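Structure at a glance
What follows is the residue order along each chain.
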Amino acid sequence: FSSAVAHDLPADDCVRFEDVVRAHHRIRSGIVRTECRPSYHLSNMTGCSIHLKKEQSQVTGSFKERGARNAIMSLSEEQRR
C-alpha cells in the first residue's frame, strides 16, 4: 500500500456497523430505550438540527451502562468465572 491508501483505511480497532448491531442485540433486554429530543436553542446557535439523547433516563443516569453491559455480556463463560 502507498501511504495515501493506507491512510484511508479504517484502523484495526475501529468500531464497525456490525459491532454496533451485535452490541445492540446483546444489551437490549437490560437497557432503557432513551429518546432523542430536538434542542431548539443549540439548533439556532449552530444553524444545524441538533438532537440530544436523554441518557440520564438509564438506571445509572448515564450512557456508560451500555458499554459496561456490553463488555460483561461479551465475556465467554470461562472469563465470567
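Model, not experiment: these values are computed from the prediction.

A tally of helices and strands in the protein chain yields 5 helices and 2 strands. Along the protein chain, helices and strands appear, N-terminal first, in the series α-α-β-α-β-α-α. Within the span of the protein chain, comprising 81 residues, buried residues form 12% of the whole. Only carbon and sulfur atoms are counted for the fraction: they give 56% of the accessible area of the protein chain, which is about 7,000 Å².

A separate point is the confidence of the model for the protein chain. In the predicted model, the protein chain carries a mean pLDDT of 80, and 79% of its residues have values of at least 70. Mean pLDDT values for the elements of the protein chain range from 55 in helix α1 (residues 3-8) up to 96 in helix α3 (residues 40-46).

With that settled, consider the environment of Ile-50. With respect to the helices and strands, the residue Ile-50 is situated in the loop between α3 and β2 (51-53). A sequence separation of 14 residues divides Ile-50 from Cys-36, and the C-alpha atoms of the two residues are 9.6 Å apart. Sequence-distant contacts of Ile-50, that is, excluding residues within four places in its chain, are made with Arg-37, Pro-38, Ser-39, Leu-42 and Ser-43.

With that settled, the discussion passes to the environment of Leu-42. You can see Leu-42 is positioned in helix α3. With 10 residues separating them in the primary sequence, Leu-42 and Leu-52 have C-alpha atoms 9.6 Å apart. When near neighbours in sequence (up to four residues on either side) are disregarded, Leu-42 contacts Ile-50 and Leu-52.

What follows deals with a nonpolar patch on the surface. On the surface, a nonpolar cluster with roughly 280 Å² of combined accessible area is contributed by Leu-42, Met-45 and Leu-52. For Leu-42, a relative accessible area of 31% gives the class partly exposed.

The subject of this paragraph is the environment of Ser-57. Note that Ser-57 resides in the loop between β2 and α4 (64-73). In sequence terms Ser-57 and Ile-31 are 26 residues apart; their C-alpha atoms lie 9.9 Å from each other. With sequence-adjacent residues up to four places away left out, Ser-57 is seen in contact with Val-32 and Thr-34.

To continue, consider the packing of helix α2 (residues 17-27) against α4. At a minimum axis separation of 9 Å, α2 and α4 run at an interaxial angle of 90 degrees. With respect to α4, the element α2 is oriented roughly perpendicular. Where α2 approaches α4, its residues Ala-23, Arg-26 and Ile-27 are matched on the opposing element by Arg-66, Arg-69, Asn-70 and Met-73. Residue classes in the contact of α2 with α4 are distributed as 3 nonpolar, 1 polar and 3 charged.

Parameters at a glance
- Residues numbered from 1 in each chain as written.
- Predicted model: local features only at pLDDT ≥ 70, side-chain atom pairs only at ≥ 80, totals over all residues.
- Heavy atoms only, no water.
- Helix = DSSP H or I, 4+ residues; strand = E, 2+ residues; numbered from the N terminus.
- Buried < 20%, exposed > 50% of the residue type's maximum accessible area, 1.4 Å probe, protein only.
- Areas by Shrake-Rupley, 256 points an atom, 1.4 Å probe, with all protein chains shown as cover.
- pLDDT = per-residue confidence, 0-100.
- Contact = heavy atoms within 4.5 Å.
- Patch = residues over 30% accessible without salt bridge, like charges linked within 9 Å, V, L, I, M, F, W, Y side chains within 5 Å.
- Salt bridge = Lys/Arg side-chain N within 4 Å of Asp/Glu carboxyl O.
- Axes fitted to C-alpha atoms, helices over the stretch in contact; angles between N-to-C directions.
- Parallel < 35°, antiparallel > 145°, perpendicular 65-115°, else oblique.
- Nonpolar A, V, L, I, M, F, W, Y, C, P; charged D, E, K, R; others polar.

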